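Take a look at the letters that make up each chain.
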Amino acid sequence: MKDGTEKLIGALSEAVVPVERLPSPAMRAAQWLGFAVLFVGALVVLRGYRADIGARLSDVEFAIPWAASLFVAVTAAVAAFYMTVPGTPRWIVALPLAPLAVWLATLGAGCVRELSEQGLAVLGVSLDCIEFISLTSVPLAAVLVWMLRRAAPLAPSGTFAMGALAAAAAGSAGLELYHHIDTSTEALVWHVGTVGVVTLIGLSSGRRALAVASVND
Amino acid sequence: MDSDDWSNLLALAQAGDAPAYRRFLSEAAGFLRAIIARTGIPQDQIEDVVQETLISVHAIRHTYDPTRPVRPWLTAIARRRAIDWRRRRNSARAHEVALDDAGHETFADPDANRDKDKAEAAAAIRRWLAELPPGQRQAVELLKLRELSLNEAAAVSGQSVGALKVATHRAMITLRKLWKRDEPA
């Protein structure tokens, strides 16, 4: 059997050609985030900023969860790219946990207060949110998959779920800039809920989405 | 050999240096053998998984960053190949039926002869594969039986990806003809 390995080593070293080294995961994450800012920004400009955006951003009840959703997008994208480099320490998958906890906790606290004051009447149906987050997630995730496939996603499901979380959180952060939703309850149900569904779809389809990458054929 | 030397050798390999690459793979193979043995792969299968790991190392050598240590990079790839080996074995076991002493006998009920049919089909496929031209046989063996990726199979066989695709397509046509030829009337 070791003869076979020796033959294989001979064949591989004879077949070696120069390869272009992959840029660092941080650099690739920055490239994708740059694309995400341009893409989501263009959609927000096309649909029009909400008129009271200045006032909303100075309101901590809006600004903290919004900034947290932005950090979820950034940290999840960084984690997804690091996960495609073999040997990356496992703690990298925990990067988005802190901003995710802040996002859920701040919206959750507001939601509890609103429900205790106004009851279920506070929750309207907002199909716009689902449409915007889903529509932004698909092209953002498609570009991400294309970039991740150039590397080595050894754990395709987890990697794609992380990427889907980044894409959906970026969509949600963009949505907040134009959409008139003022209650934490609606933001929690429609925004975080859609982000969760998109992430689960990523988890279940990751193997297929990244299957043609060189290590997972 | 310390990790820095391996890093340098792999960095040279990324630039296309064949002797450095051969030295790196030869020395890394021993390290991989030890890692794979620790994952609980049976002794007689370790070398297969080492070879699959080396093929993966070749296919994704562009992902190695020479400023990072090389051993965790190699270890992660080897562990992944060991997991895949176990997954394939479990999946194969789910489709296999152990033969006992009476397993080769044939029964009046056609359903009872499924094991015998499977064995005959496997023998026929082996016979047809032997009749394929060498290029087509190699393509089927690498892509369909060993389940390598096109890039990995290209690296091992020295054929281009395009040539492998054509060879596989032709092999399938030939196999279909052989199957029709031998099909019982």
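Structure first, text after, so check above.
Residues numbered from 1 in each chain as written. Chains lettered and ligands numbered in written order. Predicted model: local features only at pLDDT ≥ 70, side-chain atom pairs only at ≥ 80, totals over all residues. Heavy atoms only, no water.

Undergrad: Now, about the overall build of chain B: what can you tell me, with residues and values included?
TA: The helix and strand inventory of chain B stands at 8 helices and 0 strands. In chain B, the succession of α and β elements from N to C terminus is α-α-α-α-α-α-α-α. Looking at chain B as a whole, 38% of its 185 residues qualify as buried. Counted over contacts in chain B with a minimum sequence separation of 6, partners at least 24 positions apart contribute 58%. A total accessible area of about 10,300 Å² is found for chain B, and carbon and sulfur atoms account for 54% of it. (Helix = DSSP H or I, 4+ residues; strand = E, 2+ residues; numbered from the N terminus. Buried < 20%, exposed > 50% of the residue type's maximum accessible area, 1.4 Å probe, protein only. Contact = heavy atoms within 4.5 Å. Areas by Shrake-Rupley, 256 points an atom, 1.4 Å probe, with all protein chains shown as cover.)

Undergrad: Residue-level account of the packing of aromatic side chains, with values.
TA: The tally for this structure, following the rule as stated, stands at 4 aromatic pairs over all chains. Measuring from centroid to centroid gives 5.9 Å for Phe35(A) and Phe39(A), while their planes differ by 20°, and the two rings are stacked. One end of the pair, Phe35(A), and the other, Phe39(A), are both in helix 2 (residues 25-47), 4 residues apart, so they sit about a helical turn from each other. Judged by relative accessible area, Phe35(A) falls into the partly exposed class, the value being 30%. Between Trp6(B) and Phe31(B), the aromatic rings sit 5.7 Å apart at their centres with planes inclined by 75°, giving edge-to-face as the arrangement. Of this pair, Trp6(B) sits in helix 1 (residues 3-14) while Phe31(B) sits in helix 2 (residues 18-38), and the two are 25 residues apart along the sequence. The same class applies to Trp6(B) and to Phe31(B), which are both buried. (Phe/Tyr/Trp six-rings, centres within 6.5 Å; stacked < 30°, edge-to-face > 60°.)

Undergrad: Quick rundown of the packing of helix 2 of chain A against helix 7 (residues 156-176) of chain A? Include the residues and the values.
TA: Residues and elements named next belong to chain A. At a minimum axis separation of 10 Å, helix 2 and helix 7 run at an interaxial angle of 35°. You can see that helix 2 and helix 7 cross each other, and the crossing is right-handed. Between helix 2 and helix 7, the contacting residues are Trp32, Val40 and Val44 on the first element and Ala166, Ala167, Ala170 and Gly174 on the second. (Axes fitted to C-alpha atoms, helices over the stretch in contact; angles between N-to-C directions. Left-handed = near helix turned anticlockwise from the far one by under 90°.)

Undergrad: Before we move on, can you summarise the interface of chain A and chain B with the specific residues and values?
TA: Each partner contributes to the interface: chain A provides 33 residues, whereas chain B provides 42 residues. With both chains or domains summed, chain A and chain B bury close to 3,100 Å², and 63% of this area falls on carbon and sulfur atoms. Our enumeration of links across chain A and chain B arrives at 0 salt bridges. Where chain A meets chain B, there are 8 residue pairs in polar contact (both at pLDDT 80 or more). (Buried area = accessible area lost by both parts, 1.4 Å probe. Salt bridge = Lys/Arg side-chain N within 4 Å of Asp/Glu carboxyl O. Polar contact = N/O pair within 3.5 Å; in protein donor to acceptor, adjacent residues only side chain to side chain.)

Undergrad: Outline helix 6 (residues 127-148) of chain A, supporting the account with residue identities and numerical values.
TA: With 22 residues, helix 6 of chain A ought to run about 32 Å at 1.5 Å a step, and its terminal C-alpha atoms sit 31 Å apart, in line with that. Taken together, the buried positions of helix 6 of chain A are occupied by Cys129(A), Phe132(A), Ile133(A), Thr136(A), Ser137(A), Leu140(A), Ala141(A), Leu144(A), Val145(A), Met147(A) and Leu148(A). (Expected span 1.5 Å × (residues − 1).)

Undergrad: Pulling in residues and values, what's your account of a nonpolar patch on the surface?
TA: All names here are of chain A. Together, Val60, Ile64 and Val102 make up an exposed nonpolar region whose accessible area comes to about 240 Å². By the secondary structure assignment, valine 102 is in helix 5 (residues 97-118). A relative accessible area of 38% places valine 102 in the partly exposed class. (Patch = residues over 30% accessible without salt bridge, like charges linked within 9 Å, V, L, I, M, F, W, Y side chains within 5 Å.)

Undergrad: Which residues make up the nonpolar core, and what are the values?
TA: Within the largest apolar cluster, 49 residues are counted, with the highest numbers of intra-cluster contacts made by Trp32(A), Phe81(A), Trp103(A), Leu140(A) and Met162(A). Elements with a minimum of two residues in this core: helix 2, helix 4 (60-82), helix 5, helix 6, helix 7 and helix 8 (184-209) of chain A. Not counting residues up to four positions away in its chain, the partners in contact with Leu140(A) are Trp32(A), Phe35(A), Ala36(A), Phe39(A), Val40(A), Ala167(A) and Ala170(A). Grouped together as the second largest cluster of nonpolar side chains are 45 residues, Leu9(B), Leu10(B), Phe24(B) and Ile41(B) included. (Core = buried A, V, L, I, M, F, W, Y, C linked by side-chain atoms within 4.5 Å.)

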